[in-house]
Amino acid sequence: MDKFNVIFDIDGVIVDSEQLHFDVLCELAPEQTRDIQPQQLIGLSLAETLNAIGIPSQVQQSITNRIISVYQDKLSTHYLRPGIAGLLTALQQNGVVFGFVSTAPREVCLANLGLLGLAEEPALISGDDVEQTKPFPDPYLAMLKLKRMDARQTLVIEDTDLGIMAAKQAGIPQIYAWPHALSVMEQYKQATCVIKRLADIPQFAGLISI
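Because the structure is predicted, anything quoted here is derived from the model rather than measured.

Trainee: Is there a simple way to think about the environment of E48 in this case?
Mentor: Mapped onto the elements, E48 comes out in helix α2 (residues 46–52). Classification of E48 by relative accessible area gives partly exposed; the value is 33%. Reaching out from E48, the side chain makes a polar contact with the backbone nitrogen of S45 at a distance of 2.8 Å.

Rendered as structure tokens:
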């Protein structure tokens, strides 16, 4: 097997959580989300989301704390995407270096990754760790540096055009789009390939069957 590394997005890739995020937002900000569709907010950071729906800046920190708390309470292993836990176990067993990037706050990222039961603390770049998050390349550049990955040997799995743009600008040529139910507005023109299952990625085909 040729050497490769993997960087995973989290929301929408590790966990099918985009609808859950929207449901929590609607619960806590019903007036501001009345005319919003969940797919309109895909790929935005929480701060960008609150700005987009018109939450006043002076109350954003308070509602952010409530959103994170309610989201953590509702989260469960039910939201893990098919085959992802088995893939990560296989990658660990085969010595493949991998990490996770996200626009979400670190608390949310850790809650999502906690569902995986990884033996080691995951390598993570969250929205709290960079000045500019997706579609800027900063999160991917930070992960490449953190794990000493060669961009040319690195695979990215994303679910949004914003994330794909960020990975592309970081110099990563192999970017796979893995759609979900709320991906209807994504075009994936810059993706290497759009996959239906993880085993569609050639480097994963020998590791998993899902």
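Trainee: Before we go on, may I ask you to explain the side chain of T160 in this structure?
Mentor: Mapped onto the elements of the fold, T160 is located in the loop between β4 (154–158) and α7 (161–169). A polar contact is formed between the side chain of T160 and the backbone nitrogen of G163, at a distance of 2.9 Å. In contact with T160, not counting residues within four places along its chain, are I42, G43, E186 and Y188.

Trainee: When you look at helix α1 (residues 18–28) in this model, what are you seeing that I'm missing?
Mentor: An α-helix turns once every 3.6 residues. As a result, residues three or four positions apart point the same way. Every buried residue of α1 is listed here: E18, L20, F22, V24, L25 and L28. Looking at the buried residues of α1, the elements they touch are α2 and α3 (57–74).

Trainee: Looking at this model, I keep getting lost on the packing of aromatic side chains. Mind explaining?
Mentor: Geometry of an aromatic ring pair is reported as the spacing of the ring centres plus the angle between the planes. Under the definition given, this model contains four aromatic pairs. We note R81 situated over the ring of W178; from NZ or CZ to the ring centre the distance is 3.8 Å.

Trainee: How should I be thinking about the nonpolar core in this particular structure?
Mentor: Within soluble globular proteins, side chains that are nonpolar generally end up buried alongside one another. The biggest cluster of nonpolar side chains holds 53 residues, and the ones touching the most others in it are V6, F8, I14, I84, L91, F100 and F204. Secondary-structure elements contributing two or more residues to this core are β1 (5–9), α1, α2, α3, α4 (84–93), β2 (98–101), α5 (106–114) and β4. Ignoring any residue separated from it by four or fewer positions in sequence, one finds I14 in contact with F8, D9, Y79, L80, R81, I84, F100, L113 and L116. Counting residues in each nonpolar core, the second largest holds 20 residues, with I7, I125, V130 and Y188 among its members.

Trainee: Quick question: what am I supposed to make of the layout of surface pockets here?
Mentor: Rolling a probe over the atoms, with the probe sized like a water molecule, indicates the empty space that remains. Here the largest pocket is characterised by a volume of approximately 210 Å³. Space inside the second largest pocket adds up to approximately 150 Å³. Taken together, S45, L46, A47, T64, T103, A104, P105, G127, D128 and T133 form the lining of the second largest pocket. Residue composition of the lining of the second largest pocket, by class: four nonpolar, five polar and one charged.

Cut-off values and rules
Residues numbered from 1 in each chain as written. Predicted model: local features only at pLDDT ≥ 70, side-chain atom pairs only at ≥ 80, totals over all residues. Heavy atoms only, no water. Helix = DSSP H or I, 4+ residues; strand = E, 2+ residues; numbered from the N terminus. Buried < 20%, exposed > 50% of the residue type's maximum accessible area, 1.4 Å probe, protein only. Polar contact = N/O pair within 3.5 Å; in protein donor to acceptor, adjacent residues only side chain to side chain. Contact = heavy atoms within 4.5 Å. Phe/Tyr/Trp six-rings, centres within 6.5 Å; stacked < 30°, edge-to-face > 60°. Lys NZ or Arg CZ within 6 Å of the ring centre and 35° of its normal. Core = buried A, V, L, I, M, F, W, Y, C linked by side-chain atoms within 4.5 Å. 1 Å grid on protein atoms, 1.4 Å probe; cavity = no way out; pocket = protein on both sides within 12 Å on 5 of 7 lines; lining within 4 Å. Points joined across faces, edges and corners; volume = space filled by probe spheres on them. Nonpolar A, V, L, I, M, F, W, Y, C, P; charged D, E, K, R; others polar.

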